[in-house]
Amino acid sequence: MKFFNQTILVSLMCWGVACSPSADKLITVESPSGNNLITFFLTDAGEAAYLVAHNNKIVIDTSYLSFEFKGQPTLQQGLITAGQHERTFNEQWEMPWGEQRTVINHYNELKIDLIEEQGLNRQFSIIFKVYDDGIGLRYFFPEQTNLTEVMITDENTQFNLTGDHDVWWIPGDWDIYEYLYNETKLSAVDATSKRNHPNLGQHNYIPENAVNTPVTMKTKNGTYLSFHEANLTDYAGMTLKVDVVKLSLQSELVGSENTDYKVIRTTPFSTPWRTVQIADRAGDLIESNLIVNLNEPNKLGDVSWFKPTKYVGIWWEMHLGKSSWSKADGKHGATTENAKKYIDFAAANDIGAVLVEGWNTGWEHWIGFEDREGVFDFVTPYEDYDLEEVVRYGREKGVELIMHHETSAAPRTYEQQMDTAYSLMQSLGIHAVKTGYVGKIIPKGEYHHGQWMVNHYRKAIEKGAQYQVAINAHEPIKATGIRRTYPNAISREGLRGQEFNAWSVEKGNPPDHLPTVAFTRMLAGPIDFTPGIFNIKLSPYKEEHQVNTTLAHQLALYVVIYSPVQMAADLPESYSGHPAFQFIRDVGVNWEQTRVLDGEVGDFVAIARQERGTRKWFFGAITDEEPRELTISLDFLDDNKNYTATIYSDGDKSHWNDNPTDYKITTADVNNASSLDLKLAAGGGVAISFTEK
Ligand code: NOJ
Ligand code: CA
């Protein structure tokens, strides 16, 4: 039992009779440095409640925890404590690849065993882990007579907030995360107004005024909170229902139209962790390792068969309409000849891999087909694409292929073919696949983020691992740090990617998109955003559309956005002979360490990362529609070393809309006592590579 805090007692009393336990009934646990403190108690009615304080200020006020089941009474009141266990844990573990090599996992844990005093005497435990960068809580249901097969209709985990915070949110859609972030007060969250959003694809479903996670907030005192979940395993994804009057959040699990429950499990089982990252600086949210730390250690052992890599691919040309996935309309992109052209380009530019979309039969029946079962075949190429020859040619040039499996959201078809498809990949020495789940899920009534699909996505990761295949899923379930346990879950989409810029003017991502994503979606894990568009106005293919950033902003994304597969997304002809392409050639994809130097959610972010192996430093900063001047101290550079900084910045007249390709390359002699004054244009950015002299 840790120290007892006066502020908390006052707060508890304010909540009235139902929850005014005397101080000796409060159980507390604090983080290793003492900055975060959780208080747990049972109300007089025997209901479980908790609070969270940060630096002696309450950030989550008294919040209750309960479960509703099919065929059983609600598990809420009449609980008594049957046990209480505390422990401290401190370890260091190594990421096989990642934002940093070494991760410290240091927390204090409190496990409270609860039992219903009467009736069914059902039991469960609440486990709290308190870190310096936030907290996690999960439920464990042990094996017991009156709870065997459990059908959860609702999990009611509350987060009762202390004010009308600024919130960066996307709607709690059960099918898709590909929204622009909204910045509003908590009281103004109106997710259901996004129903039938004209800018989205064919599938979206927002039943409640709920938000998806990670959802990030800033309090009046300047504390940052981000709510998410960790280790989403055999459970439904969690959205957070917003009570705009009480200013609170409550878990709302994604359901299915095929069942009258949302989760089915057999005891014993644990739920995912419900997480709150807590920071005094926006950048600390990005540096936080809470989500990966709340996952189990690597189960796969040696995963050196996968190597972090940059890649190019037959991809953007489809989104530009230059070529197509399907062979039907005479401009098929995935031909042997075209693939070889990309391989040549990759080989000439130190790019390790080539993605080829549209290589396999079935694309004629892709979008718009109701019955998509059995349409795609993941082993049979179109006749103008010689898979073996492309692989052979790549090997000759030292370039690997990245496989593509668009499932068209027909996961049963995909599951039937997983073994053959992954074993074909293994036999060809292909170690990564980009998967896709465009469309409404078949079977009808399932949603992308429900338990049924969570299990499907996991199956792909587990099966993939058996065949040494790494997965980069598009239209995925959210990242919840599973990459710690299954490092072959290398990256994913799960946000509004670059492709939206090619689709239409209204769909384009505005300049503040990525300065928001860095503090929201990126807290969940690696992002396959596909940066690096140089032909910003998309000429001559889609001249009425454009990317809404400067070219320097596109370069900076290679440092700002983390992914162990990082695409150079534009066409080879946009890069050939372009001096700024040197940065993409040079920049790392796998990091020894990461420092978030500065930033504000939705405004700008500045990150330095040191490459593993070479120990070279790279820097990237991006801004929203506001031009910005930043002074960056280079104290992260190694002691007693002199460097040449090659600075790719916006030109003097640069502007995301009026003059996006205006950029300049300058150099400076620097060391770790230097600082740099940087100017970012509206929608602009800066990218720097540091070379030791
Ligand atoms: C959606 C993915 O996000 C995109 O990258 C891909 O090209 C298409 N699906 C086709 O699979
Ligand atoms: Ca997508």
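Residue numbers run consecutively from 1 along every chain, following the written order of its sequence. Both sets of labels track the order of writing: A upward for chains, 1 upward for ligands. Where totals are concerned, whole chains, interfaces and linings use all residues; where local detail is concerned, this predicted model gives features only for residues with pLDDT of at least 70, and gives and counts side-chain atom pairs only at 80 or more. Water and hydrogen atoms play no part in the side-chain values, which are based on all heavy atoms of the structure.

K.L.:
Describe in detail the overall build of the protein, supporting the description with residues and values.
P.N.:
Strands are runs of DSSP state E lasting at least 2 residues, helices are runs of H or I lasting at least 4, and numbering of each runs from the N terminus. A tally of regular secondary structure across the protein gives 13 helices and 35 strands. For a compact globule of 693 residues, the expected C-alpha radius of gyration is about 26 Å, and the protein comes in at 25 Å, within 12% of that figure. Principal-axis analysis of the C-alpha atoms gives the protein an extent of 75 × 60 × 45 Å. Relative accessibility under 20% of the residue-type maximum defines a buried residue, over 50% an exposed one, and the middle range a partly exposed one, all with a 1.4 Å probe and only protein chains included. Each of the 693 residues in the protein was classed as buried or not, and the buried ones make up 64%. In this description, contact between two residues means that some pair of their heavy atoms is separated by no more than 4.5 Å. Sequence separation of at least 24 residues holds for 71% of the intrachain contacts in the protein that already meet a minimum separation of 6. Residue burial considers only the protein chains on display, and all accessible areas are found by Shrake-Rupley using a 1.4 Å probe. With the model as given, the accessible surface of the protein reaches about 24000 Å², and the carbon-plus-sulfur share is 46%. Mean positive and mean negative side-chain charge positions of the protein (61 and 92 charges, respectively) differ by 2 Å. For this measure, only C-alpha atoms enter the radius of gyration; the expected value for a globule follows 2.2 Å times N^0.38, where N is the number of residues. Positive charges come from Lys and Arg, negative ones from Asp and Glu, while His and the chain ends are left out of the count. Here the site of a charge means NZ on Lys, CZ on Arg, CG on Asp, or CD on Glu.

K.L.:
Pulling in residues and values, what's your account of the coordination of the calcium ion (ligand 2)?
P.N.:
For the calcium ion (ligand 2), the protein coordination sphere consists of Glu 178 (OE), Glu 475 (OE), Glu 493 (OE), Glu 493 (OE) and Glu 499 (OE), at 2.3 to 2.7 Å. Donor atoms (N, O, S) are those found within 2.8 Å of the metal centre, with the cutoff raised to 3.2 Å for Na, K and Ca; water is not part of the atom list, so apparent gaps in a site can occur. Donor angles set the geometry label: tetrahedral for four donors if every angle is between 85 and 135 degrees, square planar for four and octahedral for six if opposite donors exceed 155 degrees and the others are between 65 and 115, irregular for anything else. One can describe the donor arrangement at the calcium ion (ligand 2) as irregular, given that its six donor atoms subtend angles of 51 to 152° at the metal. For the calcium ion (ligand 2), the single-chain donor residues occur in sequence as E-x296-E-x17-E-x5-E. Take Glu 493 and Glu 499: they sit in the same class, and that class is buried.

K.L.:
Could you give an account of the domain arrangement of the protein, with specific residues and numbers?
P.N.:
Boundary definitions for the domains trace back to an automatic or database domain assignment. Taken domain by domain, the protein consists of domain 1 (6-293), domain 2 (298-494) and domain 3 (510-558 + 579-693). Its C-alpha centre places domain 1 at a distance of 34 Å from the equivalent point of domain 2. Listed as interface residues are 41 residues of domain 1 and, on the opposing side, 32 residues of domain 2. In what follows, salt bridge is the name for a side-chain nitrogen of Lys or Arg lying within 4 Å of a carboxyl oxygen of Asp or Glu. Inspection of the region where domain 1 meets domain 2 yields four salt bridges. Among the ionic pairs, Glu 91 bridges to Arg 484, the shortest N-O distance being 2.9 Å. Any pair of nitrogen or oxygen atoms within 3.5 Å is treated as a polar contact; in protein, a donor-acceptor pairing is required on top of that, and neighbouring residues in sequence qualify only through side-chain atoms on both sides. The interface formed by domain 1 and domain 2 holds 26 residue pairs in polar contact (both at pLDDT 80 or more) in total. Broken down by secondary-structure element, the contributors of at least two residues to the side of domain 1 that touches domain 2 are β6 (79-94), β15 (224-230), β18 (263-266) and α3 (290-293).

K.L.:
Quick one: what's the story with helix α11 (residues 551-560), residue by residue and with numbers?
P.N.:
Counting buried residues in α11 gives 10 out of 10 residues, a clear majority hidden from the surface. Where α11 is concerned, the buried positions are Leu 551, Ala 552, His 553, Gln 554, Leu 555, Ala 556, Leu 557, Tyr 558, Val 559 and Val 560. A distance of 3.5 Å separates the backbone nitrogen of Ala 552 from a side-chain oxygen at the start of α11, and that oxygen is part of Thr 550.

K.L.:
Which residues make up the sheet that holds strand β24 (residues 432-436), and what values do they have?
P.N.:
Spatially, seven strands are ordered β26-β25-β24-β23-β22-β21-β27 in an open sheet, and the strand pairing comes out parallel. For this open sheet the edge positions go to β26 (489-492) and β27 (565-567), each flanked by a neighbour on one side alone. Here the average twist between neighbouring strands, direction ignored, is 30°. Following DSSP output, two strands are said to pair if at least two bridges run between them. Direction of pairing for strand β21 (residues 309-314) relative to strand β22 (residues 353-356): parallel, over a ladder of four bridges. Residue pairing across strands places Tyr 311 opposite Ala 353, the latter belonging to β22. Axis geometry follows a simple rule: fit a line to the C-alpha atoms, using only the stretch in contact for helices, then measure angles between N-to-C directions, giving values from 0 to 180 degrees.

K.L.:
Give a description of helix α8 (residues 451-466) that names residues and reports values.
P.N.:
Side chains that are three or four residues apart share a direction in an α-helix, a result of its 3.6 residues per turn. End to end, α8 covers 23 Å across 16 residues, agreeing with the expected 22 Å (1.5 Å per residue, within 8%). Three or more residues of α8 are buried, namely Gln 451, Met 453, Val 454, His 456, Tyr 457, Arg 458, Ala 460, Ile 461, Lys 463, Gly 464 and Ala 465. Close packing links the buried residues of α8 with β18, α7 (411-428), β25 (470-473) and β26. Helix span, expected: 1.5 Å multiplied by one less than the number of residues in the helix.

K.L.:
Which residues make up unusual backbone geometry, and what values do they have?
P.N.:
Put simply, Thr 267 and Pro 268 share a cis peptide bond, and its omega is 0°. On the secondary structure map, Pro 268 appears in the loop between β18 and β19 (269-270). A positive phi is found at Asn 121, a non-glycine position, where the angle reads about 50°. Tracing the sequence through the fold places Asn 121 in the loop between β7 (102-116) and β8 (123-131). Even without being a glycine, Arg 615 presents a positive backbone phi close to 60°. With respect to the helices and strands, Arg 615 occurs in the loop between β29 (604-611) and β30 (617-623). Looking at Arg 615, the relative accessible area reads 42%, which means it is partly exposed.

K.L.:
Before we move on, can you summarise the site of ligand 1 with the specific residues and values?
P.N.:
Only a single heavy atom is needed: when it lies within 4 Å of a molecule or strand, its residue is near that molecule or strand. Around ligand 1 sit 14 residues in total, of which Trp 315, Glu 357, Glu 406, Lys 434 and His 474 are the nearest. Glu 406 is positioned such that a nitrogen or oxygen atom in its side chain is 2.6 Å from an oxygen atom of ligand 1. In this structure, Glu 475 approaches ligand 1 through a side-chain N or O atom, which is 3.2 Å from an oxygen atom. Surface burial for ligand 1 is 98%, taken as the share of its 300 Å² of free accessible area covered by protein chains.

K.L.:
Summarise the sheet that holds strand β33 (residues 663-670); cite the residues concerned and give the values.
P.N.:
Note on sheets: strands pair through backbone hydrogen bonds, and any given pair is parallel or antiparallel. Strand order in this open sheet of six strands is β28-β29-β30-β35-β32-β33, and the pairing throughout is antiparallel. Every interior strand has two partners, whereas the edge strands, β28 (591-600) and β33, have only one. For this sheet the average axis-to-axis angle between neighbouring strands, irrespective of direction, equals 15°. The sheet contact formed by β30 and strand β35 (residues 685-692) spans six bridges and is antiparallel. Residue pairing for β35: Gly 620 is matched across the bridge by Ala 687. Along the sheet face, α11 touches β28, β29, β30, β32 (643-650), β33 and β35 and points at about 125° away from the line of β30.

K.L.:
Run through the environment of Leu 523, naming residues and quoting values.
P.N.:
With respect to the helices and strands, the residue Leu 523 is situated in the loop between α10 (513-517) and α11. For Leu 523, a relative accessible area of 8% gives the class buried. When the C-alpha atoms of Leu 523 and Glu 287 are compared, they prove to be 8.7 Å apart, with 236 residues separating the residues in sequence. If we ignore the near neighbours within four places in the chain, the residues touching Leu 523 are Pro 214, Thr 216, Ser 226, Gln 277, Leu 285, Ile 286, Ile 291 and Ala 518.

K.L.:
Go over the environment of Asn 349 with me, naming the residues and quoting the values.
P.N.:
On the secondary structure map, Asn 349 appears in the loop between α5 (336-348) and β22. Relative accessible area serves as the criterion here: at 9%, Asn 349 is assigned to the buried category. Placed 227 residues apart in sequence, Asn 349 and Ser 576 show a C-alpha to C-alpha distance of 9.7 Å. Ignoring sequence-local partners within four residues, the contact set of Asn 349 consists of Phe 581 and Arg 585. At 2.8 Å, the side chain of Asn 349 forms a polar contact with the backbone oxygen of Phe 345.

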